[in-house]
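# Structural overview for review
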Amino acid sequence: MTINELAKLAQTSPATVSLALNNRPGVSPVTRQRILDIAASEGYISRKREIAPDKKIIKLIAVSKPNTSDVHNFRTSFFADIINWVQKRCSQFNYSMLYSIIPHNDFIATINSSEAEQPSDGIILLGTYLDGSEVDSLTGISTPLVVLDRNCTLSQLNSVGINNYMGAYVSVSSLIELGHRHIGYVSSSSSVANLTERNQGFTKALSDQKLTPYQDSYFHCNSYISDGVRLLGQQLAKCRDLPTAFFCENDYNALCLISALAQLGLRTPEDISVIGFDDVPECIIASPQLTTVHVNRKAMAYTAVELLHSLISDLDADATKNICINVRLVKRASTCPPSSSRTEADIPSAD
């Protein structure tokens, strides 16, 4: 017998059956006993096991990129760090962590179904790839919830995000301080809120210094595909006046950019400076080592677990919190003042 069949016999919902079987609040004593009696009579549970033992479970749920079902977008070292730190902090609070990646389509229904089958004490949702309307739909989930890696400042949700705006602003400001005036931008995905905020910080830093972004200095890179470097190189080769420095939306784009520039015969940072974002481990094994914005993944993970624990414990139950983790610029070898000897003739043209 399935939980859905049991719900039909009890003339109630699967979610109510799940709450009753797992001894969770939200079910009247009469309904709970009726469900337990039916479950026992049908062999779903034995009467010796009418009430499940108390378990403390936190689910870490990652919603995949739109139009994908693969887990590739959470296999990077950035997300691996977050997942590991969440698990460690959960264990310190005596929670068991269950991790899953769910498809973007119908993710709300998937979460509700998961909670009906196996209720949890709380959910941490990796909401990196959710848009505004999708974030708003999370308010319908009754389980205590914290959205991680997504700033939810326009909703009544509890969230822990990154100060993306600050990171980009500080990066561009540091390039301007070095003497760069023609600064390019390498984008990754226009649909991700974190990256939109980085673009806003980039634009604001230029504006504050009375600099106008060059319209032909915006490039796109997909660092997750095998020919990402080649495709980026083709874009660069078509530009007659390459920037003297680039801000990249993430470190993997920055590493692709350095490779693409090298294939065009350009050196980093002597010819073109490069700054990334996230400070993944690959930054220090790159040549040159990458200047980047450090994101404290441990602080993000620990803060999310602590916030969720306070919700589960009914502390500040009436208050929602949007916590933004600050970032810092880590200066390494991929940036320097612009070379006065670089001329347009030094820049390869498209074949």
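For clarity, every value in this text was computed on a predicted model and none was experimentally measured.

Procedures and definitions
- Residues numbered from 1 in each chain as written.
- Predicted model: local features only at pLDDT ≥ 70, side-chain atom pairs only at ≥ 80, totals over all residues.
- Heavy atoms only, no water.
- Helix = DSSP H or I, 4+ residues; strand = E, 2+ residues; numbered from the N terminus.
- Buried < 20%, exposed > 50% of the residue type's maximum accessible area, 1.4 Å probe, protein only.
- Contact = heavy atoms within 4.5 Å.
- Areas by Shrake-Rupley, 256 points an atom, 1.4 Å probe, with all protein chains shown as cover.
- Lys, Arg positive; Asp, Glu negative; His and termini not counted.
- Charge placed at Lys NZ, Arg CZ, Asp CG, Glu CD.
- Expected span 1.5 Å × (residues − 1).
- Pairing = 2+ DSSP bridges.
- Right-handed = clockwise from strand over helix to strand, strands pointing away.
- pLDDT = per-residue confidence, 0-100.
- Axes fitted to C-alpha atoms, helices over the stretch in contact; angles between N-to-C directions.
- Salt bridge = Lys/Arg side-chain N within 4 Å of Asp/Glu carboxyl O.
- Core = buried A, V, L, I, M, F, W, Y, C linked by side-chain atoms within 4.5 Å.
- Parallel < 35°, antiparallel > 145°, perpendicular 65-115°, else oblique.
- Nonpolar A, V, L, I, M, F, W, Y, C, P; charged D, E, K, R; others polar.

What follows covers the overall build of the protein chain. When helices and strands are tallied, the protein chain shows eleven helices and twelve strands. If you line up the protein chain on its principal axes, its C-alpha atoms span 85 × 40 × 35 Å. Relative to its full complement of 351 residues, the protein chain shows a buried share of 51%. A separation threshold of at least 6 residues defines the contact pool for the protein chain, and within that pool the share at least 24 residues apart is 70%. If you sum the accessible surface of the protein chain, you get close to 16,400 Å²; carbon and sulfur atoms cover 49% of it. Charge separation in the protein chain, taken as the distance between the mean sites of 30 positive and 35 negative side-chain charges, equals 4 Å.

Its 15 residues give helix 7 (residues 164–178) an end-to-end C-alpha distance of 22 Å, which sits within 8% of 21 Å, the value for a rise of 1.5 Å per residue. Once helix 7 ends, the next one or two residues include Gly179, with phi positive near 115°.

On to the pairing of strand 4 (residues 145–148). Residue alternation in strand 4 divides its side chains into two sets, Leu145 and Val147 and Val146 and Leu148, and both sets are buried. Pairing analysis gives four bridges linking strand 3 (residues 122–126) to strand 4, with the strands arranged parallel. By the bridge assignment for strand 4, Leu126 is matched with Leu148. With helix 6 (residues 132–137) bridging strand 3 and its parallel neighbour strand 4, the resulting β-α-β unit is right-handed. Bridging between strand 4 and strand 5 (residues 158–162) involves three bridges; their strand directions are parallel. Within strand 5, the position partnered with Val147 by the bridge is Ser159.

A few words on the confidence of the model for the protein chain. Mean pLDDT over the protein chain: 89, with 91% of residues reaching 70 or higher. Low pLDDT, under 50, characterises residues 343–351; the stretch is placed with 13 contacts to residues that sit more than four places away or in other chains.

Attention shifts here to the sheet that holds strand 5. Strand order in the open sheet made by the six strands is 2-1-3-4-5-11, with parallel pairing throughout. Only two strands of the sheet have a single partner each, and these edge strands are strand 2 (96–102) and strand 11 (322–325). Each adjacent strand pair in this sheet contributes to an overall mean axis angle of 20°, direction not counted. Across the sheet, helix 4 (residues 77–92) touches strand 1 (57–63), strand 2, strand 3, strand 4 and strand 5, and the angle it forms with strand 2 is around 150°.

Moving on, we get to the pattern of salt bridges. Applying the stated criterion across every chain, the model contains eight salt bridges. Across the pair Lys59 and Glu115 runs a salt bridge, and its minimum N-O distance is 2.8 Å. Here Lys59, found in strand 1, pairs with Glu115, found in helix 5 (residues 107–117); they are 56 residues apart in sequence, far enough to count as distant. Given the relative accessible area of 11%, Glu115 is considered buried.

We now examine the sheet that holds strand 6 (residues 183–187). Pairing is parallel across the open sheet formed by four strands, whose spatial order is 7-6-8-9. The open sheet has two free edges, formed respectively by strand 7 (218–220) and strand 9 (273–275), since each of these has just one partner strand. Shown here is a sheet whose adjacent strand axes are inclined to one another by a mean of 25°, direction ignored. Note: strand 6 against strand 7, three bridges, orientation parallel.

Here we take up the nonpolar core. In this structure, Val86, Ile124, Leu148, Leu236 and Leu257 are the most contacted members of the largest nonpolar core, which totals 71 residues. The element contributing the most residues to this core is helix 10 (residues 251–263), with eight residues. In contact with Ile124, other than residues within four places in its own chain, are Ile58, Lys59, Leu60, Ile61, Val86, Val146, Leu148, Ala304, Val305 and Leu308.

Between its first and last C-alpha, helix 8 (residues 193–208) extends 23 Å over 16 residues, near the 22 Å set by a 1.5 Å rise per residue. When helix 8 is considered as a whole, its buried residues turn out to be Ala193, Asn194, Leu195, Glu197, Arg198, Gly201, Phe202, Ala205 and Leu206. Those residues of helix 8 that are buried lie in contact with strand 5, helix 7, strand 6, strand 7 and strand 8 (245–248). Looking one or two residues past helix 8, Lys210 carries a phi angle of roughly 60°, positive in sign.

For the rest of this paragraph, the subject is the packing of helix 1 (residues 3–10) against helix 2 (residues 14–21). Their axes nearest at 8 Å, the elements helix 1 and helix 2 cross at an angle of 95°. On the basis of their axis angle, the class for helix 1 and helix 2 is roughly perpendicular. Within the contact between the two elements, helix 1 uses Ile3, Asn4, Leu6 and Ala7 and helix 2 uses Pro14, Val17, Ser18 and Leu21. For the contact of helix 1 with helix 2, the per-class residue count stands at six nonpolar, two polar and no charged.

With that out of the way, let us pick up the side chain of Thr76. Among the structural elements, Thr76 can be located in the loop between strand 1 and helix 4. We classify Thr76 as buried; its relative accessible area is 10%. Apart from the residues lying within four places of it in its own chain, the contact partners of Thr76 are Tyr224 and Tyr252.

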